[in-house]
Amino acid sequence: MCAQHGRNLVGIPTVTDRLIQQALLQVLQPLLDPTFSEHSYGFRPGRSAQDAVLAAQRHVSSGRKVVVDVDLEKFFDRVDHDILMDRLRKRIADRAVSGAQLRLAGKEPTVVEELRAAA
């Protein structure tokens, strides 16, 4: 296991990573989801790929000529994480949430690493 990033050597998130991710999702989704475009369907509660296809069909039926499908699959591989985390910190007042985000991003030591350093 790579203690620095909380992942084992094949890049699979640890149980602790998954737990923190789920906790962050439950806190952040209600705060951030309302700020997303009404035309965004990916990974949003109550929306599916089928909903996106139906919306595209409605646009074409209404006379529009172009429907754009954007896949952000590699976005988080390429985004500047320091800028992203800074913007999230500015929107989220709870420092515990910000700290958990930084830990998942590999920018701060994990709790285990902090305990090891203190020993």
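The paragraphs below set out a description of the structure included in this document. Predicted, not measured: the structure shown is a model, and the values here were computed from it.

Things to note about the overall build of the chain
Across its full length, the chain carries six helices and zero strands. Across the chain, helices and strands are ordered from the amino to the carboxyl terminus as α-α-α-α-α-α. Here the chain, with 119 residues, has 18% of them falling under the buried criterion. Nonlocal contacts in the chain, meaning residues at least 24 apart in sequence, comprise 31% of its contacts between residues at least 6 apart. Element-wise, carbon and sulfur atoms account for 59% of the exposed surface of the chain, whose accessible area totals about 9,300 Å².

Let's talk about a nonpolar patch on the surface
A cluster of nonpolar side chains, Val 66, Val 68, Val 70, Leu 72, Phe 75 and Phe 76, forms an exposed patch at the surface whose accessible area comes to about 650 Å². Mapped onto the secondary structure, Val 70 falls in the loop between α2 (49-61) and α3 (75-78).

Here we look at the side chain of Asp 33
Position of Asp 33 among the secondary structure elements: in the loop between α1 (15-32) and α2. Of the polar contacts made by the side chain of Asp 33, one reaches the side chain of Arg 44; its length is 2.8 Å. Each residue touching Asp 33, except ones within four places of it in the same chain, is listed here: Leu 28, Arg 44 and Pro 45.

Description of unusual backbone geometry
Phi at Phe 43 is positive, roughly 55 degrees, even though this residue is not glycine. Structurally, Phe 43 can be placed in the loop between α1 and α2. On the accessibility criterion, Phe 43 (88% relative accessible area) is exposed.

Structural notes on the pattern of salt bridges
Applying the stated rule across the entire model yields three salt bridges. For Arg 89, the salt bridge is made with Asp 86, and the minimal N-O distance between the two is 3.8 Å. Taken together, the residues span about one helical turn, with Arg 89 and Asp 86 both in helix α4 (residues 81-91) at a distance of three residues. A relative accessible area of 32% means that Asp 86 is categorised as partly exposed. Bridged by salt links that share partners, the residues Asp 86, Arg 89 and Lys 90 form one connected network.

How each quantity is defined
Residues numbered from 1 in each chain as written. Predicted model: local features only at pLDDT ≥ 70, side-chain atom pairs only at ≥ 80, totals over all residues. Heavy atoms only, no water. Helix = DSSP H or I, 4+ residues; strand = E, 2+ residues; numbered from the N terminus. Buried < 20%, exposed > 50% of the residue type's maximum accessible area, 1.4 Å probe, protein only. Contact = heavy atoms within 4.5 Å. Areas by Shrake-Rupley, 256 points an atom, 1.4 Å probe, with all protein chains shown as cover. Patch = residues over 30% accessible without salt bridge, like charges linked within 9 Å, V, L, I, M, F, W, Y side chains within 5 Å. Salt bridge = Lys/Arg side-chain N within 4 Å of Asp/Glu carboxyl O. Polar contact = N/O pair within 3.5 Å; in protein donor to acceptor, adjacent residues only side chain to side chain.

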